[in-house]
Amino acid sequence: HIIQDSTPREAYGMPRSPAAASLTGPVNFIVGVVSRVNGRRLSVESSSGTIEANWASEAELPGERTRVVVAARPEWMSADHKAAFSPSITGQVTQVSYVGVRSYVHFRTNGDNLTAECSDPTTARPGATITVTVDPALALAYPVREEGEA
């Protein structure tokens, strides 16, 4: 069964579903409730904080108070001192990992274990509090599938 028929770059950068996103590389999934709709841009309130994301589904645009899932790849999230975007998510660092020239901060928020790219990993030590921002131009929102849905 084909999940998405596109180029690898399209499948990675604009997956058509959470399943396609998870098959093409590391991704954070954050479930929340829509608090504001502005065109295809959504403000999503989650237990981790507020996230701005683009509606990426072919399904009808959700209204306020609709549950959605936001997909954000680690490189779409910034774990640096100066917040690149707002709003932000705050969490506690659980681990720092190095993959080639990239550094990743693994952190826990209110119920979510997330990973973000970090340009200066020396500031992120396990146990430290970190503020992370999500690039609203890249984050993608999808409908939440309820149990039993196909």
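Structure's up top.
My aim in this report is to walk through the structure given alongside it, one point at a time. (Residues numbered from 1 in each chain as written. Predicted model: local features only at pLDDT ≥ 70, side-chain atom pairs only at ≥ 80, totals over all residues. Heavy atoms only, no water.)

This part takes up the overall build of the protein. Looking only at helices and strands, one finds two helices and ten strands in the protein. Each helix (α) and strand (β) of the protein, taken in turn from the N terminus, gives the series α-α-β-β-β-β-β-β-β-β-β-β. Against the 2.2 N^0.38 benchmark of 15 Å for 150 residues, the protein shows a C-alpha radius of gyration of 15 Å, consistent with a compact globule. By its C-alpha atoms, the protein is 45 × 30 × 30 Å across when sized along the principal axes. Looking at the protein as a whole, 42% of its 150 residues qualify as buried. Total accessible area on the protein is roughly 8400 Å²; 50% of this is exposed by carbon and sulfur atoms. Of the side-chain charges in the protein, 13 are positive and 16 negative, and the distance between the mean point of each set is 3 Å. (Helix = DSSP H or I, 4+ residues; strand = E, 2+ residues; numbered from the N terminus. Rg over C-alpha atoms; globule rule 2.2 N^0.38 Å. Buried < 20%, exposed > 50% of the residue type's maximum accessible area, 1.4 Å probe, protein only. Areas by Shrake-Rupley, 256 points an atom, 1.4 Å probe, with all protein chains shown as cover. Lys, Arg positive; Asp, Glu negative; His and termini not counted. Charge placed at Lys NZ, Arg CZ, Asp CG, Glu CD.)

Here we come to the side chain of Gln4. Among the secondary structure elements, Gln4 is positioned in the segment before α1 (8–13). For Gln4, a relative accessible area of 15% translates into the label buried. A distance of 3.0 Å separates the side chain of Gln4 from the side chain of Ser6, its partner in a polar contact. At 2.8 Å, the side chain of Gln4 forms a polar contact with the backbone nitrogen of Arg16. The residues touching Gln4, leaving out its near neighbours within four places in the chain, are Glu10, Ala11, Met14, Pro15, Arg16 and Ala20. (Polar contact = N/O pair within 3.5 Å; in protein donor to acceptor, adjacent residues only side chain to side chain. Contact = heavy atoms within 4.5 Å.)

Next up on the list: the packing of aromatic side chains. Tallied over the full model, the rule gives zero aromatic pairs. Above the plane of the ring of Tyr12 lies Arg73, whose end atom (NZ or CZ) is 3.9 Å from the centre. (Phe/Tyr/Trp six-rings, centres within 6.5 Å; stacked < 30°, edge-to-face > 60°. Lys NZ or Arg CZ within 6 Å of the ring centre and 35° of its normal.)

Here we come to the nonpolar core. Met77, Val105, Phe107 and Ile130 are the most contacted members of the largest nonpolar core, which totals 26 residues. Setting aside residues no more than four positions away along its own chain, Ile130 makes contact with Ala79, Ile89, Thr90, Gly91, Val93, Val105, Phe107 and Ala124. Counting seven residues, the second-largest nonpolar core is a separate cluster that includes Ala56, Val69, Trp76 and Tyr142. (Core = buried A, V, L, I, M, F, W, Y, C linked by side-chain atoms within 4.5 Å.)

As a further point, take the environment of Val96. Structurally, the position occupied by Val96 is in strand β6 (residues 88–99). Spatially, the C-alpha atom of Val96 lies 9.0 Å from that of Cys118, the residues being 22 residues apart in sequence.

Another point: the side chain of Ser103. Within the element layout of this structure, Ser103 appears in strand β7 (residues 102–108). Among the residues examined, Ser103 registers a relative accessible area of 8% and is labelled buried. Beyond its immediate sequence surroundings of up to four residues, Ser103 is in contact with Ser97, Tyr98, Ala116, Glu117, Cys118 and Pro121.

Let us look at the pattern of salt bridges. Side chains carrying opposite charge are able to pair once their charged atoms draw close together. With the rule as written, the count across this model stands at two salt bridges. With a closest N to O distance of 3.0 Å, Arg102 and Glu117 form a salt bridge. With Arg102 in strand β7 and Glu117 in strand β8 (residues 113–117), this residue pair connects regions lying 15 residues apart in the sequence. (Salt bridge = Lys/Arg side-chain N within 4 Å of Asp/Glu carboxyl O.)

The next thing to look at is the pairing of β6. Here β6 pairs with strand β9 (residues 129–134) via five bridges, running antiparallel. Residue pairing in the sheet places Thr90 in a bridge with Thr131 of β9. In this structure, β6 lies alongside β7, joined through seven bridges in antiparallel fashion. Within β7, the position partnered with Val93 by the bridge is Phe107. In this antiparallel pair of consecutive strands, β6 and β7, the connection spans two residues, and Gly100 shows a positive phi of 60 degrees. (Pairing = 2+ DSSP bridges.)

By themselves, these observations are geometric and do not establish any function.
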